[in-house]
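Understanding the architecture of this molecule
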Amino acid sequence: MANSNLKEAKAAKNDEFYTQFQDIEVEMNAYLEYDPDVFRGKTVLLPCDDPEWSNFTRFFAAKFDELGLKKLVSTSYAPESKKYKAPYQPSLFEQDAPQFDSAKTSVKGKIFILEKDRSGDGRINIDDLEWEYLDGDGDFRSREVTQLRDEADFIITNPPFSLFREFLAWIMEGGKRFIIIGNMNCITYKEVFPLIMNNKIWLGIPFPGGNAYFRPAMQSDYAVGVYDEDTNLVKFRNCIWLTNVDHGRRHQPLNLMTMADNLRYSKHKELRGKAAYDHYDNYDAIEVPFTDAIPSDYDGVMGVPISFLIKYCPEQFEILGITAGRDEFEARPTKRYINPVQVNRDGTMTNGSKANTRATILLQSAPDDIYYLADNADGPLQILYARLLIKHIKL
């Protein structure tokens, strides 16, 4: 149910959620553990941010001296330009500033800059933050924010879910190092997967317990168990950090069992006791339904869930493609199904074209659940969610 809230947010353009301070701290510490000087002497840009509400600026302002930053820049988006409308009231922080302008507050974005000790207390922190109104509304695609991108060394933020593809393209166009939050399903986007496969970008550190908790910018209706009224936090299960900044955990190889031991001792009932791993009907690869069930001694191609990328070590595995049935994903099926149909639980049949967009497994008999048939299939088919096709680099 939590996953559906991301889709609803994207559809409604109500996709502004604020990241918790501790989650930002845990993530940034992973890069600092690998390279303590990663941010030293660098300019960090935080677009899609607002220090009055967001924790990204709070974190980097609090750690400015410790990280050795050269400059911190944050930009916010004008309330009137947002797709969803909510009652707007300027904060006291803004209203008390001499540059406050009631004619600009709702239609102009703001820029916040931290680079020197303005207070004279001998340290640089959030008390030294300077701000002014932007010429435009603060859209990251605008000329003035793009200029800030070009001047920065790092782009770090939680971008709007609905604009993720555009935002990532904007970063890559600028050739910048970045750390951003996205939806796990973005891995399957044609704009994202080639970058992952070619080791241009990768996943950061997982959110604790696999759950991400964000504070919504505005109230909405959420499924039971997703929104906590006491903490004012919304839970999402499928959020990831995406980055091109190196961290040590991505170089830790997985400890794996042999194929024989997996089939004999696996903790997963789907594998334990089977005679062999399933082989796809339309790809030349075996199905490995769990990352910890990857056989250590198999030298062929394996299909694994996209969550494998959380544990992916580029020195251990090569990514060959993804089972999407499209050539741009570098994984061409061995067969295309002719006249595929979907057999529903009630026995009715509908269009089964989805069978040509996924990896399939040939079943011995028709299941009680949904399955597929095709003129050139030797029996009922089960289709699987997108699988990454991987192979051991060294065996």
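Anything mentioned here points back to the structure above.
Cut-off values and rules
- Residues numbered from 1 in each chain as written.
- Predicted model: local features only at pLDDT ≥ 70, side-chain atom pairs only at ≥ 80, totals over all residues.
- Heavy atoms only, no water.
- Core = buried A, V, L, I, M, F, W, Y, C linked by side-chain atoms within 4.5 Å.
- Buried < 20%, exposed > 50% of the residue type's maximum accessible area, 1.4 Å probe, protein only.
- Helix = DSSP H or I, 4+ residues; strand = E, 2+ residues; numbered from the N terminus.
- Contact = heavy atoms within 4.5 Å.
- Phe/Tyr/Trp six-rings, centres within 6.5 Å; stacked < 30°, edge-to-face > 60°.
- Axes fitted to C-alpha atoms, helices over the stretch in contact; angles between N-to-C directions.
- Parallel < 35°, antiparallel > 145°, perpendicular 65-115°, else oblique.
- Left-handed = near helix turned anticlockwise from the far one by under 90°.
- 1 Å grid on protein atoms, 1.4 Å probe; cavity = no way out; pocket = protein on both sides within 12 Å on 5 of 7 lines; lining within 4 Å.
- Points joined across faces, edges and corners; volume = space filled by probe spheres on them.

Remarks on the nonpolar core
With 51 residues, the main nonpolar core has Leu 242 and Phe 308 as its most contacted residues. Within the residue set of this core, elements represented by two or more residues are α6 (143-151), α7 (164-174), β7 (177-183), α8 (193-197), β12 (239-243), β14 (302-305), β15 (317-322) and β21 (387-392). The element that contributes the greatest number of residues to this core is α7, accounting for five residues. When residues no more than four places from it in sequence are discounted, the contact partners of Leu 242 are Phe 164, Leu 168, Phe 178, Ile 179, Ile 180, Cys 186, Val 192, Ile 201, Trp 202, Leu 203 and Gly 204. Within the second largest apolar cluster, 38 residues are counted, among which are Phe 59, Phe 60, Phe 161 and Ile 181.

Quick look at the packing of aromatic side chains
Enumeration according to the criterion identifies 13 aromatic pairs in this entry. Between Phe 59 and Phe 60, the ring centres sit 5.0 Å apart and the planes meet at 90°, which makes this aromatic pair edge-to-face. Per residue, the accessibility class of Phe 59 equals that of Phe 60, and both read buried. Where Phe 167 meets Trp 170, the ring centres are 5.5 Å apart and the plane angle is 35°; that geometry is what we call tilted.

Side note on the packing of helix α2 (residues 21-34) against helix α3 (residues 55-62)
As a packed pair, α2 and α3 sit with axes 9 Å apart at the nearest point and diverge in direction by 55°. With respect to α3, the axis of α2 lies oblique. You can see that α2 and α3 cross each other, and the crossing is right-handed. Residues Phe 21, Ile 24, Glu 25 and Met 28 of α2 touch α3, and the partners they reach there are Asn 55, Phe 56, Arg 58, Phe 59 and Phe 60.

Structural notes on the layout of surface pockets
In this approach the atoms are scanned with a rolling probe the size of a water molecule, which exposes any empty space left behind. Quantified by volume, the second largest pocket comes out at close to 440 Å³. The wall of the second largest pocket is formed by 18 residues, among which Lys 274, Asp 278, Glu 287, Ile 361 and Gln 382 lie closest to the centre.

With respect to unusual backbone geometry
The phi angle at Asn 199 is positive, at roughly 60°, despite the residue not being glycine. On the accessibility criterion, Asn 199 (31% relative accessible area) is partly exposed. Phi at Asn 339 is positive, roughly 50°, even though this residue is not glycine. Within the secondary structure layout, Asn 339 lies in the loop between β15 and β16 (341-343).

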